[in-house]
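Remarks on the overall topology
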Amino acid sequence: METVVSLAQQTFQLGLFRSDYFADSAANFGIKQVEFNTIASSFGGIATNISQYNSYPVVYTVLDWPADDWEIGTQSLVSSTEKLPTNGALQGICEALAEAWTIYADLRAVVMIVVENVTYNICDQRFHEFEIRELHPEIRVIRKTLTEIGEQGKLGPMKELIMVLWVKPACGVEPAARDKAPTTCRRWSGTGPNSASLLSSSVTHTQADNPLRAPRGPSGQRPAQWGELGVGIHTQNIQREKRRGRGSSDWGTSDERALVPSRTIHWHWQPSSARTSYLRPRGVDEPPGLALSVITTRSRCKDDVVSVVYYRSGYEPGQYPSQLEWEARLLVERSRAIKSPSIQYHLAGTKKVQQALARPGAVEKFLTELHQVEVVREIFTGLYSLDFDKFGEEAIQLALANPDKFVLKPQREGGGNNVYGEKVREELLAMKDSKERTAWILMDRISPPIQTCYIVRPGQDGLPPLSDLVSELGIFGVILGDKDNIFVNKQVGHMLRTKLSSADEGGVAAGSGALDSPYLIDAVVTC
Ligand code: ADP
Ligand code: MG
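Just so you know, these numbers come straight off a predicted model, no measurement behind them. (Residues numbered from 1 in each chain as written. Chains lettered and ligands numbered in written order. Predicted model: local features only at pLDDT ≥ 70, side-chain atom pairs only at ≥ 80, totals over all residues. Heavy atoms only, no water.)

Right, let's get into the overall build of the protein. Each helix and strand counted, the protein has 16 helices and 20 strands in total. For the protein, buried positions account for 49% of its 527 residues. Expressed as a percentage of contacts within the protein between residues at least 6 apart in sequence, the contacts between residues at least 24 apart total 70%. Carbon together with sulfur atoms contributes 54% to the accessible area of the protein, which is approximately 26500 Å² in total. (Helix = DSSP H or I, 4+ residues; strand = E, 2+ residues; numbered from the N terminus. Buried < 20%, exposed > 50% of the residue type's maximum accessible area, 1.4 Å probe, protein only. Contact = heavy atoms within 4.5 Å. Areas by Shrake-Rupley, 256 points an atom, 1.4 Å probe, with all protein chains shown as cover.)

What follows is the structure in C-alpha cells.
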C-alpha cells in the first residue's frame, strides 16, 4: 500500500458507497450499520428500476379497483407517493462519475468500468453505462477486465492510463512481445473486387521502406509486399457491410474506431497463406486468388486515455487469477486516472476499519460536533477486535459462551465469507491461539424485525409461500474531492434487500434474497 500511495499521481478520489443497515429489535428498532461498502457497491442500477416497478401497483393499480377489492393498502396509503421514496441511486452514481470525468479535463478521455472476467451482475452494471450515455453523450464508457488491462494498459508520459487498441495472438504478436512489436491489430480478410480497387489505389512499399513490420502469415512467412492506404475505401466497405447487417461481430466493438482511414494499414498476402489464415466476415466474398488483411497498428490506432476507473471487480482474490491481474491493478493505481474507489477508500471499506472506527474516541477524530458524533455512534452495534490483548480475549470469551449472538467476519467482500451460529465457536476455538485470529473481527448479531410477506421468484409453481422475512436497507452515497476540498458529498438513493428471516446472509445474486422497496409509515404507528 505504501508503494502505491507514494507513487499515486492522482489526488482526487471518487467514492461510490453503500452503507447497509438493519433495524434492530434489541434497540427499539433503531437502525444499526451492518457494513460499509466502498468498492463495487452494487444494485444502484437495478434498485432504481425496482423502485419504479414497485410503485406501480401501489400508486396506480389500486386506484382502478373497487374499494372492496383493494388488496394493497388503503386510500390514504394510495394517495401518498411520498411513502414510496423516489430512488436517485443510478443517476447520482453516474453524475458523480461524470463529475470526476469533468475534473480530469480531457474531453477525449473515457470512463472505464473494470468488470469480472465472467460478469454475474451485468444487468446492474450496464444500467450505469446506459445512464451515463443518456445524461452525458459526450462521455464514452468502456468495459475492461483486469486481464485485459494487464494486456492492453500502459502509462503515458504524464502517467495517463492508456488502453492500447491492439489485438492478441491472431496477428502473431504475443502479449509479452507487444512493446517490441509494432503491429498490434485486428484483422479480417478481403472483399474481392473491392480489394482490387483498394490495392490499385494504395501506395506500395517495399518491406524496407515501411517503418511498420508486417506480421507473419500462418506458416511463418512475411508478405511479399504491402500497401498503405491513404483513403478509407476499405473502411467505407466495412461500414456498408455493417449497415446491411453483414459485418462480423468484431466490427461492432470499440476497436472499430481504429479503422479510420489514416490509421488503417493494408497488407496483402499470397493466396494460399491468406485463404487459410484469416477470419472471413460473414457475407464478405473471398476474392479468388487474393485475400486482403487489414491491420490497425498500435502506433497509429487511437489509444484510449482513461480519466475515471470504476471498479466493479478487484475486491476478492479470485478476481486476480494470475500475476497479470495484480500488475494491472498496480498500473491503474500508479496512473493519473481518478479511481473509484481509490486504494485508500478501498481499504476504508474493510471490516477491520469498521471495527476500529467503533472504538471509543475514533469518530471524534473526524467529527467535531458532539451531536454528530452521538448520532453516528448510535448506528454502530458492538464490534470487537480479536487482537492479542485484554479486549480480544474478552471478546473471544463472550462469543464462545454465546456464539448465536455474534457474527465472525474476515476481511472479505462479496458475501458468503462470514461465520454464524455454532460455527463461530468452532472457528474461534480453532484459531484462538494463532495469529490468524487478528485478521477477523467479531460483531454483535443484529436481530431485525420480522414481517410476514411473499417473495416472488422466477419459475415458481403457483402462489409463493407466505414467509417470515427481514429487510436490509442500503443507502448510496457519493463523495468526490481531494485532501483539501470536497466537491460532492451526498446521499443519492437506496436499495432494500429482503430475505428469509432464517437465512444468515441475504445474497440476491446467490438467490437467497430479493430486491424490494421501502414503504414509509409513521414511526408512531409502529411503536
Ligand atoms: P459482505 O461484505 O461480504 O457482503 P456483510 O458484512 O455485509 O459481508 O455481510 C453479509 C450479510 O450477512 C449481510 O447482508 C447481512 O444479511 C448478514 N450480516 C452481516 N453482519 C450481520 C450482523 N452483524 N447481524 C446480522 N446479520 C449480519
Ligand atoms: Mg460488502
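As recorded in UniProt, the sites labelled "binding site: Mg(2+)" (unreviewed entry) are E413. Within the element layout of this structure, E413 appears in the loop between β14 (406–409) and β15 (419–420). What makes E413 buried here is its relative accessible area of 15%. Beyond its immediate stretch of four places on either side in the chain, E413 contacts E35, N37, Y315, E316, G349 and K351. In terms of polar contacts, E413 uses its side chain to reach the side chain of K351, at 3.2 Å. (UniProt positions renumbered as here; feature names shortened; annotations may be inferred. Polar contact = N/O pair within 3.5 Å; in protein donor to acceptor, adjacent residues only side chain to side chain.)

A word on the packing of aromatic side chains. With the rule as written, the count across this model stands at 5 aromatic pairs. Each ring, one from F12 and one from F487, has its centre 5.7 Å from the other, and the planes form 35°; the classification is tilted. Taken together, the positions of F12 in the loop between α1 (2–7) and β1 (13–24) and F487 in strand β19 (residues 486–500) put the pair 475 residues apart, joining distant regions of the chain. The interplanar angle of 80° and the centroid separation of 5.3 Å between the aromatic rings of F17 and Y345 together place this pair among those described as edge-to-face. One end of the pair, F17, is in strand β1; the other, Y345, is in helix α11 (residues 343–348), and 328 residues separate them in sequence. (Phe/Tyr/Trp six-rings, centres within 6.5 Å; stacked < 30°, edge-to-face > 60°.)

A word on the site of ligand 1. Around ligand 1, a shell composed of 22 residues is seen, among which K351, K409, G415, Y420 and E472 lie nearest. Here an oxygen atom of ligand 1 and a backbone polar atom of G414 are 3.4 Å apart. When residues of the shell around ligand 1 are traced back to their parent elements, those giving at least two are β2 (30–37), β14, β16 (441–444) and β19. (Near = heavy atom within 4 Å.)

Moving on: the environment of L84. On the secondary structure map, L84 appears in the loop between α3 (75–79) and α4 (89–104). Look at L84 and you get buried, because its relative accessible area is 13%. C-alpha of L84 to C-alpha of Q52: the two residues are 32 residues apart in sequence and 9.2 Å apart in space.

Glancing now at the coordination of the magnesium ion (ligand 2). For the magnesium ion (ligand 2), the protein coordination sphere consists of E35 (OE), E35 (OE), N37 (OD1) and E413 (OE), at 2.1 to 2.5 Å. In terms of primary sequence, the donors binding the magnesium ion (ligand 2) are separated according to E-x1-N-x375-E. What makes E35 buried here is its relative accessible area of 13%. (Donors = N, O, S within 2.8 Å, 3.2 Å for Na, K, Ca; no water.)

Glancing now at the confidence of the model for the protein. On average, residues of the protein score 76 in pLDDT, and 67% of them reach the 70 mark or higher. For the stretch residues 166–215, pLDDT sits under 50, and the model shows 134 contacts to residues farther than four places along the chain or on other chains. Scored below 50 in pLDDT, residues 222–301 shows 209 contacts in the model against residues more than four places distant or in partner chains. (pLDDT = per-residue confidence, 0-100.)

Taking 1.5 Å of rise per residue, the 12 residues of helix α10 (residues 323–334) would be expected to cover 16 Å, and the 16 Å separating its terminal C-alpha atoms lies within 8% of that figure. Buried within α10 are the following residues: E325, A328, R329, L331, V332 and E333. (Expected span 1.5 Å × (residues − 1).)

Right, let's talk about the packing of helix α14 (residues 390–401) against helix α15 (residues 422–431) for a bit. In contact at an axis separation of 8 Å, α14 and α15 are set at 140° when each is read in the N-to-C sense. Classified by the angle their axes make, α14 and α15 are oblique. Note that α14 runs across α15; the crossing there is left-handed. Here I396, A399 and L400 of α14 lie close against α15, whose contacting residues are V424, R425, L428 and L429. When its residues are assigned to classes, the contact of α14 with α15 shows 6 nonpolar, no polar and 1 charged. (Axes fitted to C-alpha atoms, helices over the stretch in contact; angles between N-to-C directions. Parallel < 35°, antiparallel > 145°, perpendicular 65-115°, else oblique. Left-handed = near helix turned anticlockwise from the far one by under 90°. Nonpolar A, V, L, I, M, F, W, Y, C, P; charged D, E, K, R; others polar.)

As a further point, take the packing of α4 against helix α5 (residues 122–135). Packing of α4 against α5 leaves a shortest axis separation of 9 Å and a crossing angle of 65°. Considering the angle they form, α4 stands roughly perpendicular to α5. When you trace α4 past α5, the crossing you get is right-handed. Judged by residue contacts, L90, Q91, I93, C94, E95 and L97 of α4 engage F127, H128, E131, I132 and L135 from α5. Residues belonging to the contact of α4 with α5 are distributed by class as follows: 7 nonpolar, 2 polar and 2 charged.

Attention shifts here to the nonpolar core. L14, L16, I93, L97, V308, V478 and L515 are the most contacted members of the largest nonpolar core, which totals 38 residues. Breaking this core down by element, the ones donating at least two residues are β1, α2 (44–64), α4, β3 (110–115), β11 (304–311), β18 (466–481) and β19. Here this core gets 10 residues from one element, more than from any other, and that element is α4. Residues A40, I149, L161 and A337 belong to the second largest nonpolar core, which totals 18 residues. (Core = buried A, V, L, I, M, F, W, Y, C linked by side-chain atoms within 4.5 Å.)

It is worth spelling out the sheet that holds β15 at this point. The strand order across the open sheet built from 4 strands is β13-β16-β14-β15, with neighbouring strands paired in antiparallel fashion. Either end of the sheet is taken by a strand with one partner, and the two such strands are β13 (383–385) and β15. Alignment of β14 against β16, held across 4 bridges, turns out to be antiparallel. Directly across from F406, in β16, lies its bridge partner D444. Sitting on the sheet, α14 touches β13, β14 and β16, and the angle it makes with β13 is about 120°. (Pairing = 2+ DSSP bridges.)

Moving on to the pairing of β1. Extensive coverage of β1 is indicated by the burial of 11 of its 12 residues. When β1 meets β18, the two strands line up antiparallel, connected through 9 bridges. Of the residues in β18, the one forming a bridge with L16 is V478. Counted along the chain from β1 to the antiparallel partner β2, the turn is 5 residues long, and its residue N28 has a positive phi close to 55°.

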